[in-house]
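Residue strings, one per chain:
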Amino acid sequence: MTTLLLKDADVLVTMDAARREIPGGGVFMRDGVIEQLGPTGELPATADKVISLAGCVALPGLVNTHHHMYQSLTRAVPGAQDAELFAWLRRLYPIWGGLTPEMIRVSTLTAMAELILSGCTTSSDHLYIYPNGCRLDDSIEAARQIGMRFHAARGAMSVGESQGGLPPDRLVEREGDILRDTRRLIETWHNASRHSMLRIAVAPCSPFSVSRELMRESAELARSYGVSMHTHLAENDNDVAYSREQFGMTPAEYAESLGWVGHDVWHAHCVKLDTAGIQLFAHTGTGVAHCPCSNMRLASGIAPIPAMREAGLPVGLGVDGCASNDAAHLLGEARQAMLLARVGFGPAAMSARQALELATLGGARVLGRDDIGALAPGMSGDVVAFPTDSVELAGAGVHDAVASLVFCTPQRVRHSIINGRHIVADGEFLPLDLAPLVADHNRLARLLINSAH
């Protein structure tokens with residue numbers, strides 16, 4: 001058994017039931033699970049490893065509920081820089097058709113490193129395109145190498161252009177193959193236990209790329225194994241128009257008709273979720289992954305997050321893919337969530353602490369986790385610490401060090417602990433050397449774009 005003591009944080013933000021913020025706080029954990037926390041003087045004085053968090057604000061590791069990590073290979077692609085969702089996808093689908101297993105692995109490592117350095121300790125990833133022998137296992141193996149808590153979503157596309165869908169026919173899969181591989185992944189990788197580092201989700205891509213039958217059968221499969229379900233929904237006006245034209249329903253009505261509501265379901269975006277849809281999701285406990293940067297980048301609109309929160313439905317944050325953000329800075333995403341809510345609904349629509357709550361407790365609830373998102377005895381040992389002496393926070397800590405994390409947004413964590421393991425130490429990323437990773441990633445990004453010409 002190994003113990004870890006984190007001590008002397010300027011402020012320890014617990015996100016516990018009382019929302020305590022503890023000056024001079026610390027955390028004592030054993031075998032990756034929190035055993036005690038409080039003022040440092042009240043904790044054990046020794047441990048197998050002791051880390052000083054002096055000069056830092058410490059808080060629960062942030063939770064990312066929606067991503068497409070392979071898209072880090074196609075940031076800022078010309079022709080997709082100034083497009084709405086459907087045109088953006090049509091530009092990028094042919095490029096993504098050149099993905100290889102190596103590209104999936106390297107892009108996942110890159111995306112996870114970026115997330116971790118921004119304070120994220122748990123991430124989902126929605127991989128829905130599998131050309132050239134790519135498998136979700138390629139992402140999973142990268143997550144295991146880097147040490148990130150991971151919800152791997154087995155995405156899928158089955159309705160191509162010839163059948164009225166959006167993706168090219170060559171990029172869709174047969175539905176029987178999709179279901180078989182999804183079953184294999186769950187049986188091979190899914191760990192439902194508390195403090196699990198890896199879970200599998202069932203995740204057909206979107207209403208405009210999969211059939212009703214696949215949606216229904218995917219829901220039946222997921223529930224037979226007790227795993228979560230994820231898809232895109234109501235992302236923009238064209239998305240809503242497609243649902244009305246093809247199915248004669250709003251996106252929320254369509255989801256309900258297929259069994260895609262409930263505590264085990266979360267939908268990405270929901271920018272255009274109407275009042276009836278919000279009430280449906282609140283009543284059923286259906287979650288939403290809010291992706292403010294992507295929604296702005298693609299001009300999709302302003303999601304009604306204050307109304308969702310007031311209704312009580314689970315809302316977390318997602319950075320979305322790096323081709324539509326084009327960053328993956330989760331603390332920055334919290335800032336944008338706060339600012340965009342204020343643009344849409346007034347200066348009191350979201351506070352800095354409410355934005356942090358979306359990034360921690362909100363994300364945990366969306367992913368169906370009761371072991372992350374807060375610091376308390378029995379919770380997973382995921383803690384991040386941001387420096388208060390960085391130039392970005394100069395002066396802010398004098399007034400409100402916690403709120404300054406969102407208003408000022410420091411660029412990098414000083415420390416990141418995931419499952420009790422030190423992943424970032426004094427700003428250094430420990431699992432691997434980033435310089436050769438970035439060089440490898442850039443080589444593959446160049447190869448991918450060249451292969452599309």
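To keep things clear, this report deals only with the structure shown in the data block. (Residues numbered from 1 in each chain as written. Predicted model: local features only at pLDDT ≥ 70, side-chain atom pairs only at ≥ 80, totals over all residues. Heavy atoms only, no water.)

### Observations regarding the overall build of the protein
- Per the secondary structure count, the protein includes 14 helices and 17 strands.
- The C-alpha atoms of the protein give a radius of gyration of 21 Å, which matches the 22 Å a tight globule of 453 residues would have.
- By principal-axis analysis of the C-alpha atoms, the protein measures approximately 65 × 45 × 40 Å.
- Counting the 453 residues in the protein, one finds 62% classified as buried.
- A separation threshold of at least 6 residues defines the contact pool for the protein, and within that pool the share at least 24 residues apart is 75%.
- Accessible surface for the protein amounts to roughly 15,900 Å². Of this, 51% is attributable to carbon and sulfur atoms.
- Across the protein, the centroid of the 37 positively charged side chains sits 2 Å from that of the 49 negatively charged ones. (Helix = DSSP H or I, 4+ residues; strand = E, 2+ residues; numbered from the N terminus. Rg over C-alpha atoms; globule rule 2.2 N^0.38 Å. Buried < 20%, exposed > 50% of the residue type's maximum accessible area, 1.4 Å probe, protein only. Contact = heavy atoms within 4.5 Å. Areas by Shrake-Rupley, 256 points an atom, 1.4 Å probe, with all protein chains shown as cover. Lys, Arg positive; Asp, Glu negative; His and termini not counted. Charge placed at Lys NZ, Arg CZ, Asp CG, Glu CD.)

### Remarks on empty space enclosed by the protein
- For the coordinates displayed, the defined rule picks out one cavity of 30 Å³ or more.
- Estimates place the volume of the largest cavity at around 110 Å³.
- Leu85, Trp88, Leu89, Tyr128 and His232 are the residues nearest the centre of the largest cavity, which is lined by 15 residues in total.
- No other element matches the four residues that helix α1 (residues 85–96) contributes to the lining of the largest cavity.
- Of the residues assigned to the lining of the largest cavity, the class counts are seven nonpolar, six polar and two charged. (1 Å grid on protein atoms, 1.4 Å probe; cavity = no way out; pocket = protein on both sides within 12 Å on 5 of 7 lines; lining within 4 Å. Points joined across faces, edges and corners; volume = space filled by probe spheres on them. Nonpolar A, V, L, I, M, F, W, Y, C, P; charged D, E, K, R; others polar.)

### Comments concerning the layout of surface pockets
- By volume, the largest pocket amounts to about 190 Å³.
- Lining the largest pocket are 15 residues, and of these Arg199, Gly226, Val227, Ser228 and Leu367 lie nearest its centre.
- Per-element accounting of the lining of the largest pocket gives the leading share, three residues, to strand β9 (residues 198–204).
- For the lining of the largest pocket, the class distribution of residues is six nonpolar, six polar and three charged.

### With respect to the packing of aromatic side chains
- Across all of its chains, the model carries eight aromatic pairs by this definition.
- On the basis of an interplanar angle of 10 degrees and a centroid distance of 3.9 Å, the ring pair of phenylalanine 247 and tyrosine 254 is categorised as stacked.
- Overall, the relative accessible area of 15% leaves phenylalanine 247 in the buried class.
- Residue tyrosine 254 is classed as buried on the basis of its relative accessible area of 1%.
- Three or more aromatic residues joined by ring pairs make a cluster, and in this case those are Tyr70, Trp88, Tyr93, Trp96 and Tyr128.
- Directly above the ring of tyrosine 130 sits arginine 154, whose terminal nitrogen or CZ lies 4.2 Å from the centroid. (Phe/Tyr/Trp six-rings, centres within 6.5 Å; stacked < 30°, edge-to-face > 60°. Lys NZ or Arg CZ within 6 Å of the ring centre and 35° of its normal.)

### What about the pattern of salt bridges?
- Enumeration according to the criterion identifies 22 salt bridges in this entry.
- For the salt bridge of arginine 75 with glutamate 114, the shortest nitrogen-to-oxygen distance reads 2.9 Å. On the criterion of sequence distance, the pair formed by arginine 75 in the loop between β6 (62–64) and α1 and glutamate 114 in helix α2 (residues 101–117) is long-range, its members being 39 residues apart.
- As a salt-bridge pair, arginine 180 and aspartate 177 come within 2.5 Å of each other at their nearest N and O atoms. Pair noted here: arginine 180 and aspartate 177 are both in helix α4 (residues 175–189), with a separation of three residues, about one helical turn.
- Aspartate 177 gets classed as partly exposed once you look at its relative accessible area, which sits at 26%.
- Through salt bridges with shared partners, one network takes in Arg135, Asp137, Arg154, Glu173, Asp181 and Arg184. (Salt bridge = Lys/Arg side-chain N within 4 Å of Asp/Glu carboxyl O.)

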